[in-house]
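Architecture at a glance
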Amino acid sequence: MSSAAKDDILVDISDGHNHDEPNSPLIDQNKIPNDDTNDCPESSGVVNSHLDSSVLKGTSSGTPTRDQIEILTESQMELGKELEACEASSLLPPRHSEERRTRSLMQVLGGVEDSWEGGEGSVQIDTLGDVTPKHRHRSRSQGGVINQIKQDIKKQMTSVESLKKSDSVLSFSTDEVGNSSSASANVSESESDYEYGDNSTNMSSSITDTMQKLKIMRSDSLISESDSDLEYVQSDDWKNKRKHVFVLSESGKPIYSRYGNEEKLVTVYGVMQALVSFIAHGGQRDVLKMIVAGDRRFVFLIKEHLTLVAVTSGEESVRHLHIQLNYVYNQILCVLTLTSLNKIFKDRVNFDLRRMLSGTEKFIDNLLNVIDRDPSYILGAVRCLPLQSSVRDTFTQTIVQCCSKVKDLVFAVVVSHNQLVSSVRMKKFILHSLDLHLLLNMVQSSDSFKTAESWLPVCLPKFDSSGFLYAYISYLDEPCNTCLLLLTVDSEHFPILSDCKTRIVERLNRYSCLQSIAESVSSHGYSTQQVGMPELWHFVYKSKSSGHMTSPEPTAPYVTDVQRHRLQDLYMSIHGRMHCAHRPLRILYQTYAYESILGWITQGFELYAVFSPLSDKKTAISTVYKLLRWIKREESRLFILNQSTF
C-alpha cells in the first residue's frame, strides 16, 4: 500500500468523523468564532496543536472570556471523541461504571484534584488533574472559570449519545504511551502559569498532546493490521487458487471475493478500481476488458454501478470468463433486482452492498463451483434428467391439472439434483435458460429448503429484472430427490400453492412417479458403455430447438478430479475456438496429448465428442454419425420435447 493510501486510512480512523459533514469543530489560530458570528470552518476533526496563548489568556486580568471557554470545551470534547474511538478499537481496558469513567475523564479534561489509578499494565493519569498547593492559592475568578469549564463538560458529555452508553475507564498502556511518566507534561512544566491566568492554555496544550498519543497508538494498530493483510494477500495458499472472482462497486467498495475475507483485500480492490478508472477516463471512452500478467489473465466485466473481475491461470477464454461473470452479476440481481440496485447507488455511491447481500454469498460460491464442472452453463442450455417419457408426461399433466385454476401462476418447475424434470409456463412467457440455472442453483445451494415449505421473493433477470416473483419451494419426497417450484406474481398465494403441492404429491405417489425419479438419480444417468461405442470416451450434446443438453456420466479415463478438470478445460478450449468472433468454425478436429476432440455445430445441434489420441478423423466422424442416430432414438428420454402451458 502506498504512503498516501496509508495516510488516507489513518485520517479516516483516527478522527472518527465523516469529513463530508459541515459542523465538525476546528480551532484555527487565525480565526476564532465569537458570539457575533456563526462562522465555523470545516475541519478534519483534529484539534490544532499550535494555539495562540494570547488568545486563550483572555482579558488583561488573566481570566478567559466566555467565548474562549466554549472554544476550549470544544477541544476537550474532541479528546472525549478520541477516547471513544480508542474504546471501539479495544485500545482501552475493560469498561467500568459510568461514575468512575466520568471522574477519570473529568480528571483529564477539567483539572479535578483526585485521580484514579487504572488496572494492571496502565499508568495513573495524574498531571492534568493534579492540583499543587500553589493551585489552591489561585484567585477566586480563576477558580470560577475552572468550575465553569467542568460544568460545561458535564453538560456536553451527557448530550453526546456515544458517551452516554459508554462506561470505559481511561487508562493507557505504559508501552503504548512511551517513556513519558505523565500524559500531560506541559502543565507540570510551569506551575506558575496558573497564578497568571494561563491555566486554560496549558490545559488545551495537554489535551492536544494526549490526542496525538492516542492517534499514534491507533496508527500503530492500523499498521499492524495492514501488515497482516499484506501477508495474507502474498500467501501461497491464496495466490495459488486456480480462479479468483471479485465484485466491487464503481467507487471501489468490496462486495464479494470467492476466496478470502474482503476486509483483508482492500488494497487489491483499490488497485483493480484504479485500473478501470484510468482506462475509462482516458478520453476515448474505452473499457478495460483483459490484462495478461505472466500465466494469469485478468478479465473485467463492467456493469452499471458494479465491476466484476476474474483472475485465472486455467484454459478458459475471455468469452467464457465473461459468461461466468455475467452469471455472478445476474445472481446478484436475483437477490436485489436491477431497479433496487440502481436506486441504492443513485442515493449513495459509497454504499456497502455486502449488507444487502449478507447470507447470499453461498449462492455465488455454489454457482462458480458448478460452472467449473458443468458445461451446460457455457453452452447456455439446461441439463435434463434422463427419464421415461411417460413418467415425464405424468409430471406435466399433474401440474397442469392441480395448478391451472390458480390465478397469476407464471411458472411451475420440477427439478432433481440440479437437473430439470418438468416445466410448465403461462402462455406468452418463456423461462430463459439463465433464469432456470439461477433457480437450480438456489435450490442446490441451501439445505433449508429440505426441512420445510419456503416462500421467498426471487428476481428472474431475463424474465423481468425490475421486480420480484414469489417462489413457493418444497420437496415432494422424504429423500429430497424431487423439488417443486411454483412462481407467482401474487405475494398472498402461499396457502393456495401449498394446497396445490399436497394434491400434486398425492397424484404422483398414485402413479409411482417419485420412485422413478429416485431410480434415475441412483443410476447416475447413463454411461458411454450404454451408447455402445467403445472408441467414444465422452460427449456433450445440445439441442438448439429445446435449449436442453445431455452428456453421460464421466468414466475412465476421467475418474479423478484432475482428469475431470482437464476434460472441462478441453470443452471450454474447443468451444472458444469454434465460437471465436473473428473466425467462427462449424467443424473442428483437434488432437492433444491425452485425447482427441471433434466439435460440430449445425442449425439444429451443437456436439463435442472426445476420443482416444490415437483415433483418426475418419473414425471420429463415423462414430459421431452413430452417436447422432442413438440420440435421435433416445431424445424423448433425454429431453423435454413439448413445452406445456397453463
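What counts, and at which threshold
Residues numbered from 1 in each chain as written. Predicted model: local features only at pLDDT ≥ 70, side-chain atom pairs only at ≥ 80, totals over all residues. Heavy atoms only, no water. Helix = DSSP H or I, 4+ residues; strand = E, 2+ residues; numbered from the N terminus. Polar contact = N/O pair within 3.5 Å; in protein donor to acceptor, adjacent residues only side chain to side chain. Contact = heavy atoms within 4.5 Å. Pairing = 2+ DSSP bridges. Phe/Tyr/Trp six-rings, centres within 6.5 Å; stacked < 30°, edge-to-face > 60°. Buried < 20%, exposed > 50% of the residue type's maximum accessible area, 1.4 Å probe, protein only. Core = buried A, V, L, I, M, F, W, Y, C linked by side-chain atoms within 4.5 Å. Disulfide = S-S within 2.5 Å. Salt bridge = Lys/Arg side-chain N within 4 Å of Asp/Glu carboxyl O. Axes fitted to C-alpha atoms, helices over the stretch in contact; angles between N-to-C directions. Parallel < 35°, antiparallel > 145°, perpendicular 65-115°, else oblique. Nonpolar A, V, L, I, M, F, W, Y, C, P; charged D, E, K, R; others polar.

Positionally, His 320 belongs in helix H13 (residues 318-336). A distance of 3.1 Å separates polar atoms of two side chains, one belonging to His 320 and the other to Ser 317. For His 320, the residues in contact, after removing those within four places along its chain, are Ile 378, Met 572, Ser 573, His 575 and Gly 576.

As paired elements, strand E5 (residues 290-293) and strand E6 (residues 296-303) share four bridges and run antiparallel to each other. Its bridge partner being in E6, Ala 293 is matched across the sheet by Arg 296. The antiparallel pairing of E5 with E6 creates a hairpin that spans two residues between the two strands, and Gly 294 there sits at a positive phi of about 65°.

A word on the packing of aromatic side chains. Scanning the entire structure with this criterion turns up 14 aromatic pairs. Considering the side-chain rings of Trp 455 and Tyr 470, the 6.1 Å spacing of their centres and the 15° angle between planes classify their relative orientation as stacked. In this pair, Trp 455 is assigned in strand E11 (residues 454-458) and Tyr 470 in strand E12 (residues 469-475), connecting sequence segments 15 residues apart. With relative accessibility at 26%, the residue Trp 455 sits in the partly exposed group. We classify Tyr 470 as partly exposed; its relative accessible area is 25%. Their ring planes at 55° and their centres at 5.6 Å tell us that Tyr 472 and Phe 494 sit as a pair that is tilted. Of this pair, Tyr 472 sits in strand E12 while Phe 494 sits in helix H21 (residues 494-510), and the two are 22 residues apart along the sequence.

As a further point, take the nonpolar core. In this structure, Leu 439, Met 442, Val 458, Leu 460, Ile 473, Leu 485 and Leu 487 are the most contacted members of the largest nonpolar core, which totals 37 residues. Put simply, the parts of the chain that give this core at least two residues each are H13, helix H16 (361-373), helix H17 (376-379), strand E9 (409-416), helix H19 (433-445), E12 and strand E13 (483-488). Ranked by residues supplied to this core, first place goes to H19 with seven residues. Leave out the neighbours within four places in its chain, and Ile 473 touches Met 442, Val 443, Phe 449, Ala 452, Glu 453, Ser 454, Leu 456, Cys 483, Leu 484 and Leu 485. With 26 residues, the next largest nonpolar core counts Leu 387, Leu 484, Cys 500 and Ile 504 among its residues.

What follows covers the state of the cysteines. Following the criterion strictly, the structure yields zero disulfides and no others. Residue Cys 459 stays outside any disulfide, its sulfur separated by 6.4 Å from that of Cys 334, the closest cysteine. Here Cys 480 is not cross-linked by a disulfide; its sulfur's nearest cysteine counterpart is in Cys 483, at 8.6 Å. Given the relative accessible area of 14%, Cys 480 is considered buried.

Bringing the pattern of salt bridges into the picture now. With the rule as written, the count across this model stands at 12 salt bridges. In this structure, Glu 316 and Lys 243 form a salt bridge, with 3.2 Å as the shortest nitrogen-oxygen distance. Pair noted here: Glu 316 is in the loop between strand E7 (306-312) and H13 and Lys 243 is in strand E3 (residues 243-249), with a separation of 73 residues, a long-range link. For Lys 243, a relative accessible area of 2% puts it in the buried group. Of the charged contacts in the structure, one is a salt bridge between Arg 354 and Glu 263, with a shortest N-O distance of 3.0 Å. With Arg 354 in helix H15 (residues 354-357) and Glu 263 in the loop between strand E4 (254-257) and helix H12 (266-280), the pair connects residues that are 91 residues apart, well separated along the chain.

This next bit is on the packing of H13 against helix H24 (residues 561-578). With their axes 9 Å apart at the nearest point, H13 and H24 run at an angle of 110° to one another. On the basis of their axis angle, the class for H13 and H24 is roughly perpendicular. Each of Arg 319, His 320 and Gln 324 in H13 lies in contact with H24, whose residues at this interface are Met 572, Ser 573, His 575 and Gly 576. Counted by class, the contact of H13 with H24 contains one nonpolar, five polar and one charged residues.

Moving on: the sheet that holds strand E17 (residues 596-601). Taken in spatial order, the six strands make up an open sheet running E8-E15-E14-E18-E17-E16, and their pairing is mixed. Here the strands that pair on one side only, and so sit at the sheet edges, are strand E8 (382-383) and strand E16 (587-591). Pairing analysis gives two bridges linking E8 to strand E15 (residues 548-550), with the strands arranged parallel. Along E15, the bridge assignment pairs Val 382 with His 548. Here H24 sits on the sheet and contacts strand E14 (536-543), E16, E17 and strand E18 (605-611); the angle it forms with E18, its principal contact strand, is near 135°. Lying over the sheet, helix H25 (residues 617-638) contacts E14, E15, E16, E17 and E18, oriented at roughly 125° with respect to E18.

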